[in-house]
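Understanding the architecture of this molecule
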Amino acid sequence: MTTDIDDVLAKYELRDPQRLLEEIAAAVPLSDGRVYLALVHQPVTTQRLLALEELTPLPVDIDEGHRGRSDLLYDRVWKLAIPPRSDDSASILVTVIVRSGINGWGEEEKRWASGWRYSNHNSAAFDRDLIVVTEHGWCSLWSHHGGHQPAMVAG
């Protein structure tokens, strides 16, 4: 039996990233410098937001040159109540980075992506998406979906 990796990964894609961002914007301020971690269950079907935590401000003693963000992400993931993964049940972790500027890969996004890469959290959820929210709107750095709203708010 052969399995196409795209078919396997398809159950970890957000069905409606726009709706997720609207739900997050209704719950927390999308203001400059904030970073949020969202736990989304059944992303391709019901897309339920189970948890939303702020990752900022970063601890003052975080070691940016070594494992600082990786350790922070590891600790935060293991505090979440992540449902067990199975053939018909999936959860993903989405990082929402709010900053001014253009929507796309910047230094901050690279640092968070590197943090996820080396976090080795081995939880039942996959770290699946990075979404940037700016004054121009939002953009998923993995799926390339985007929109004008919600956008970063002043203050």
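Our subject is the structure listed above.
Now for a quick tour of the structure. (Residues numbered from 1 in each chain as written. Predicted model: local features only at pLDDT ≥ 70, side-chain atom pairs only at ≥ 80, totals over all residues. Heavy atoms only, no water.)

Description of the pattern of salt bridges
We count it as follows: One speaks of a salt bridge when a side-chain nitrogen belonging to Lys or Arg is within 4 Å of a carboxyl oxygen belonging to Asp or Glu. Strands here are runs of E lasting at least two residues and helices are runs of H or I lasting at least four, both read from the DSSP assignment and numbered beginning at the N terminus. Exposed residues in this analysis have more than 50% of their type's maximum accessible area, buried residues have under 20%, and partly exposed residues fall in between, with area computed by a 1.4 Å probe over protein chains only.
The full count for this structure, using the stated rule, is nine salt bridges. The salt bridge partner of lysine 110 is glutamate 107, with a shortest N-O separation of 3.7 Å. With lysine 110 and glutamate 107 both in helix H4 (residues 107-117) and three residues apart, the pair spans about one turn of that helix. On the basis of relative accessible area, lysine 110 is assigned to the partly exposed category, the value being 45%.

Remarks on a nonpolar patch on the surface
Heads up, the condition is: Within the patch definition used here, like charges are joined within 9 Å and nonpolar side chains (Val, Leu, Ile, Met, Phe, Trp, Tyr) within 5 Å, considering only residues with over 30% relative accessible area and no salt bridge. The Shrake-Rupley method, run with a 1.4 Å probe sphere, supplies the accessible areas, and residue values consider only the shown protein chains as cover.
On the surface, a nonpolar cluster with roughly 230 Å² of combined accessible area is contributed by Ile5, Val8 and Leu9. Its place among the elements puts valine 8 in helix H1 (residues 5-9).

Here's the deal with the sheet that holds strand S4 (residues 125-134)
Stated precisely, the cut-off is as follows: In this description, strands pair whenever DSSP reports at least two bridges between them.
Ordered in space as S2-S1-S3-S4-S5-S6, the six strands form an open sheet in which the pairing is mixed. At either margin of the open sheet sits one strand with a lone partner, and together these are strand S2 (48-54) and strand S6 (146-147). Sheet analysis places S4 next to strand S5 (residues 137-140), joined by four bridges and oriented antiparallel. By the bridge assignment for S5, valine 133 is matched with tryptophan 138.

Some details on the pairing of strand S1 (residues 35-41)
Among the seven residues of S1, seven are classified as buried, and the element is accordingly described as predominantly covered. Alternating positions in S1 separate into two faces, Val35, Leu37, Leu39 and His41 on one and Tyr36, Ala38 and Val40 on the other, with burial throughout. Across seven bridges, the pairing between S1 and strand S3 (residues 91-98) is antiparallel. Its bridge partner being in S3, valine 40 is matched across the sheet by isoleucine 92. Bridge count between S1 and S2: six bridges; the pairing is antiparallel. Looking across to S2, one finds that histidine 41 is bridged to arginine 48. In textbook terms, the turn of a hairpin is the stretch between consecutive antiparallel strands, and for S1 and S2 this stretch comprises six residues, one of which, glutamine 42, has a positive phi near 50°.

Quick word on the environment of leucine 130
Worth spelling out the cut-off: Here, residues are in contact when the closest pair of their heavy atoms is within 4.5 Å.
Along the chain, leucine 130 turns up in strand S4. As a C-alpha pair, leucine 130 and tryptophan 105 span 25 residues in sequence and 9.7 Å in three-dimensional space. Excluding anything up to four places from it in sequence, leucine 130 contacts Thr95, Ile97, Trp105, Glu109, Trp112, Ala113, Trp116, Cys139, Ser140, Leu141 and Trp142.

Here we look at the side chain of threonine 56
To keep it simple, the criterion reads: Distance and chemistry together define a polar contact, namely a pair of N or O atoms within 3.5 Å, with one atom able to donate a hydrogen and the other to accept it when in protein, and with adjacent residues in sequence counting only for side-chain atoms on both sides.
With respect to the secondary-structure elements, threonine 56 resides in the loop between S2 and helix H3 (68-78). Among the polar contacts listed, one links the side chain of threonine 56 to the side chain of glutamate 54, at a separation of 2.9 Å.

Some remarks on H4
The following threshold applies: In this description, one arc is meant: the one made by directions from the helix axis to the C-beta atoms.
Taken residue by residue, H4 has Glu109, Trp112, Gly115 and Trp116 as its buried positions. Viewed end-on, H4 has its buried residues packed into an arc of 120°, placing them on one side of the element.

Comments concerning helix H2 (residues 17-27)
Among the residues making up H2, those that are buried are Pro17, Leu20, Leu21 and Ile24. Each buried residue of H2 sits inside an arc of 95° when the element is viewed along its axis, so together they form one side. Turning to H2, the residues buried within the fold contact S1, S2, S3, S4 and S5.

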